[in-house]
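# Summary of structural features
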Amino acid sequence: MAMNFLEFEQPIAELEAKIEELKFLGADSNVNISEEIKRLQAKSRAMTTNIFENLTPWQITQLARHPQRPYTLDYVSMICTDWQELHGDRMYGDDLAIVGGLARIEGTPVVLIGEQKGRDTKERVRRNYGMPKPEGYRKALRLMLLAERFRLPIVTLIDTPGAYPGIGSEERGQSEAIARNLFEMSALATPVLSVVIGEGGSGGALAIGVCDRLVMLQYAVYSVISPESCASILWKSTEKREIAADAMGGTAERLKKLGLVDEVLKEPFGGAHRGPQAMAETLKASIVRHLAELKAMPVPQLLDARQARWRSFGAFRAA
Amino acid sequence: MSWFERIVPSRIKTERRTRSVPEGLWIKCPACDAVLYRAEIERNLNVCPKCNHHMRIYARERLAKFLDVGSAVELAAGVEPEDPLKFKDSRRYRDRLVLAKKQTGERDALVVMEGKLTGMPVVACAFEFRFLGGSMGSVVGEKFVRAIEHCLEHRMPLVCFAASGGARMQEALYSLLQMAKTSAALKRLSEARLPYVSVMTDPTTGGVSASLAMLGDVNLAEPKALIGFAGPRVIQQTVRETLPEGFQRSEFLLEHGAIDMIVDRRELREKIAALLRMLLGKDGVPA
């Protein structure tokens, strides 16, 4: 697949196009241009390094939403064996914006749940752009309770612009579905590990993210509202999304500094989409390590630690 | 002060200043346009006597009228907001906080009181909508959890009156995490078999509706309150069709099974007392 470049990557894209052109020319001429190609490739690498070292929060948001970024099912295929997808909330329907099921990671069975975006237009519509409806969150909860009953650890992969704001969502109780998950997840008697792999969009992300450990990929984002919506409410203009992204600071690095995230996983050169396999290896290693640590804790201690963890979040002064 | 004013007796000075009619002696009901005498409205808990429209009511006033006279003691009053992200839009968050405090007299958007409800000990909290739209940031989350911890320690039930636009943007992820922080604490309350009555008032949306407000053992709502996850404008922009009549109002939620009942504000006190007494046992003391 041809690489998709984001706006801020345009200089790299131009250089890469030039390299491609030279390679093409070199193939049917006698002139030796391999030196020139090598020089340009080095330049492209240097330029990429330079751009990626100085990414703004808005640019990172764009990377988190990159159309070629690996999604939940991509990671499932790369890190799990024996994936058995389970469907439906047993009440209303099966929401394809959230997938879940049983899987093995290095032989150990887990319940894996994740938000799922679509790759092409048809798939995007089918997955509702990764925006779950109440039935999605209820399916997730059903699977988490299944995990608890059979003492299986839970891994959730977060990647959503947010819970779907639609008429049906409201009719079927979007608020209640999210609230119920927060409530129940806080006391699930089994380890819960959450990883933000792309977009952590507000309550829609948190609804599968009440965990013992929170991991974020380097170019993932997590915030209370999207930069566009924040800009439109506070600045009365979506054009201010870059400033809004700066102000909210929902990048992995910033959140790690604030102590709201436990681990940040370094992405391959140029982002996860340029090296999905390498990213999957890193992710898998992190999951295995965290689950091993969490499984070593007796359940009452695990639950006390989870309550203490969530009790501690907040920045305030108290007399 | 000029030399002339200094020698003129003060009595004359006061007479010179024409006393205007106190502002807001009369209020117009936003629903039926009836012009109403403020004192009468206040006696009626800010409900229009002509059309029963429930106007907003200040958090402190609501709690004062909900709890038995003279029984209320404020809890967690010393928790104050910080600006962890040094957030700035058209105005600094710090300045917005100062202004909100000046306008409302509150330090943040939640007021918590311990008191008696028809003689039964309860903890009651109410959102102050005038304080940054009743938005939930770290202080609201912390105070709500402290309210729960007080209930756990003294084995008391909890009542919450929500009125909030949702999570507070200026505290970004901190605000989002308050949804889980409050819900996790409610789980502890639930496991201790202490009842929680949630009352949703106009408006209860976003992160507050999608956490503590929907988790009542009994969910109540005031008539015609706007209650929902996403705001109607956002939904309209997303689905691009006209929203059904009465969409996201209390009556709509009752019809769709999200709440137990709609209760007139003037009957909330009696209703909640009756519910709690049955849940707790006849004397209103937890088993």
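Note that this is a predicted model, so its numbers are computed, not measured.

If you roll a probe as big as a water molecule over the atoms, it shows you where there is empty space left. Residue and element names in this part refer to chain A. Enumeration over the complete set of coordinates arrives at 3 cavities of 30 Å³ or more. Its volume calculated, the largest cavity comes out at about 180 Å³. Together, 18 residues line the largest cavity, and Val221, Ser223, Ile225, Ser226 and Pro227 are the ones closest to its centre. Elements supplying a minimum of two residues to the lining of the largest cavity: helix H3 (57–64), strand E5 (192–201), strand E7 (221–223) and helix H11 (241–248). For the lining of the largest cavity, the residue count by class is 8 nonpolar, 8 polar and 2 charged.

The next thing to look at is the nonpolar core. The biggest cluster of nonpolar side chains holds 129 residues, and the ones touching the most others in it are Tyr222(A), Phe144(B), Leu158(B) and Leu186(B). Contact partners of Leu186(B), with chain neighbours within four places excluded, come to Phe183(A), Phe144(B), Ile148(B), Leu158(B), Tyr196(B), Leu212(B) and Leu215(B). The next biggest cluster of nonpolar side chains, apart from the first, holds 24 residues, and it includes Leu63(B), Leu67(B), Leu117(B) and Val159(B).

Taken as a whole and judged by the stated rule, the model has 45 salt bridges over all chains. Notably, a salt bridge pairs Arg146(B) with Glu142(B), separated by 2.8 Å at the nearest N-O pair. Of this pair, Arg146(B) and Glu142(B) both sit in helix H6 (residues 138–154), separated by 4 residues, roughly a single helical turn. Classification of Arg146(B) as partly exposed rests on a relative accessible area of 30%. Glu142(B) sits in the buried class, given a relative accessible area of 3%. One network of salt bridges, in which partners are shared, links Arg311(A), Glu142(B), Arg146(B), Glu149(B), Lys181(B) and Arg188(B).

The next thing to look at is the side chain of Ser194(A). Residues and elements named next belong to chain A. Within the element layout of this structure, Ser194 appears in strand E5. Given a relative accessible area of 0%, Ser194 falls into the buried group. Side chain to side chain, Ser194 and Thr156 meet in a polar contact 2.8 Å long. Excluding residues within four positions of it along the chain, Ser194 makes contact with Thr156, Ile158, Ile208, Gly209, Cys211, Arg213, Leu214 and Val215.

Attention now goes to the packing of H6(B) against helix H7 (residues 172–191) of chain B. Residues and elements named next belong to chain B. The geometry of H6 relative to H7 is characterised by a closest axis approach of 9 Å and an angle of 10 degrees between their N-to-C directions. Relative to H7, H6 is oriented roughly parallel. Taking contact as the criterion, the partners of Ser138, Gly141, Glu142, Phe144, Val145, Ile148, Glu149, Cys151 and Leu152 in H6 are, on H7, Tyr174, Gln178, Lys181, Thr182, Ala185, Leu186, Arg188 and Leu189. By residue class, the composition of the contact of H6 with H7 is 9 nonpolar, 4 polar and 4 charged.

Residues and elements named next belong to chain B. Here chain B averages 92 in pLDDT, and 90% of its residues register 70 or above. Low pLDDT, under 50, characterises residues 14–19; the stretch is placed with 2 contacts to residues that sit more than four places away or in other chains. Quick note on the complex model: pTM equals 0.93, ipTM equals 0.94.

Rules of the game
- Residues numbered from 1 in each chain as written.
- Chains lettered and ligands numbered in written order.
- Predicted model: local features only at pLDDT ≥ 70, side-chain atom pairs only at ≥ 80, totals over all residues.
- Heavy atoms only, no water.
- 1 Å grid on protein atoms, 1.4 Å probe; cavity = no way out; pocket = protein on both sides within 12 Å on 5 of 7 lines; lining within 4 Å.
- Points joined across faces, edges and corners; volume = space filled by probe spheres on them.
- Helix = DSSP H or I, 4+ residues; strand = E, 2+ residues; numbered from the N terminus.
- Nonpolar A, V, L, I, M, F, W, Y, C, P; charged D, E, K, R; others polar.
- Core = buried A, V, L, I, M, F, W, Y, C linked by side-chain atoms within 4.5 Å.
- Buried < 20%, exposed > 50% of the residue type's maximum accessible area, 1.4 Å probe, protein only.
- Contact = heavy atoms within 4.5 Å.
- Salt bridge = Lys/Arg side-chain N within 4 Å of Asp/Glu carboxyl O.
- Polar contact = N/O pair within 3.5 Å; in protein donor to acceptor, adjacent residues only side chain to side chain.
- Axes fitted to C-alpha atoms, helices over the stretch in contact; angles between N-to-C directions.
- Parallel < 35°, antiparallel > 145°, perpendicular 65-115°, else oblique.
- pLDDT = per-residue confidence, 0-100.

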